[in-house]
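# Descriptive analysis of the structure
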Amino acid sequence: MTEGYIFDYGGTLDTGGCHWGRRIWHAYERAGVPVGEELFREAYVYAERELARNPIIQPDYTFRKTLAVKLRIEMEYISDRQPGFDTMRWQEAVLDILYGQTKEETAKSKAVLVKLKERYPMALVSNFYGNISTVLGEFGLDGLFDSIVESAVVGVRKPDHRIFTLGVEALGMEPGKVTVVGDSYDKDIVPAKRAGCRTVWMRGEGWTDTTESDTSAADAVITELKEIL
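Reference entry: report on the structure contained in this document. (Residues numbered from 1 in each chain as written. Predicted model: local features only at pLDDT ≥ 70, side-chain atom pairs only at ≥ 80, totals over all residues. Heavy atoms only, no water.)

## Examining the pattern of salt bridges
The tally for this structure, following the rule as stated, stands at 13 salt bridges. Between Glu 48 and Lys 70 there is a salt bridge whose closest N-O contact spans 3.0 Å. Highlighted residues: Glu 48 in helix 2 (residues 37–53) and Lys 70 in helix 3 (residues 63–81), separated in sequence by 22 residues. The class of Lys 70 is buried, set by a relative accessible area of 9%. (Salt bridge = Lys/Arg side-chain N within 4 Å of Asp/Glu carboxyl O. Helix = DSSP H or I, 4+ residues; strand = E, 2+ residues; numbered from the N terminus. Buried < 20%, exposed > 50% of the residue type's maximum accessible area, 1.4 Å probe, protein only.)

Written as structure tokens, this is what we have:
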């Protein structure tokens, strides 16, 4: 029996299970950004590594500001390799699309979380930049979690299973009584299972089109968050 929940944030509560790389690429497509997917993927990975290596994102950065920084780094990378690329024009266009989508998805997630909070204690375990509390407040998700374990704060990142152990300890429960919900099979489901938790894989559009050959670490698979109610 589940007595508590741990949720991932990025890709789970803010995109409806779609990998952020895919979500951004689709926004590029929708805005008509003149870049091929291969170069975009290079730029996306480069930006993610830059943000992981350097304390660029500050604790008071909103999600909109965080996303603007991420897009700027991506598009500067593209501009260096594609002369004539108008970074400012495309950054604003993509940012508006993505921010609108994120507000819609987090509102859907909030409706589910509010109902769950009536019955279960909940924690958030996320690979984030040190500003997750600011972001939660921005989207009205603050106050829903009894504890927050953020990689930039605790010094442990997924897929290290110890970050989920910290979440379990924060809830004060036995691992087997806690259910972890996340979109990444490799970064959420596998390490959460290793930490002894029950797992629900929110399966959406991944970074690659490959199909997992072994999904045994997932106790359940959903495509929408409301399915856990």
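## A look at the packing of helix 3 against helix 4 (residues 87–117)
Contact geometry of helix 3 with helix 4 gives a least axis separation of 9 Å together with a crossing angle of 140 degrees. Relative to helix 4, helix 3 is oriented oblique. Helix 4 is crossed by helix 3, and the crossing has right-handed handedness. Here Phe 63, Arg 64, Leu 67, Ala 68, Leu 71, Arg 72, Met 75, Glu 76 and Ser 79 of helix 3 lie close against helix 4, whose contacting residues are Thr 87, Trp 90, Gln 91, Val 94, Leu 95, Asp 96, Leu 98, Tyr 99 and Thr 102. Considering only residue class, the contact of helix 3 with helix 4 consists of 10 nonpolar, four polar and four charged. (Axes fitted to C-alpha atoms, helices over the stretch in contact; angles between N-to-C directions. Parallel < 35°, antiparallel > 145°, perpendicular 65-115°, else oblique. Left-handed = near helix turned anticlockwise from the far one by under 90°. Contact = heavy atoms within 4.5 Å. Nonpolar A, V, L, I, M, F, W, Y, C, P; charged D, E, K, R; others polar.)

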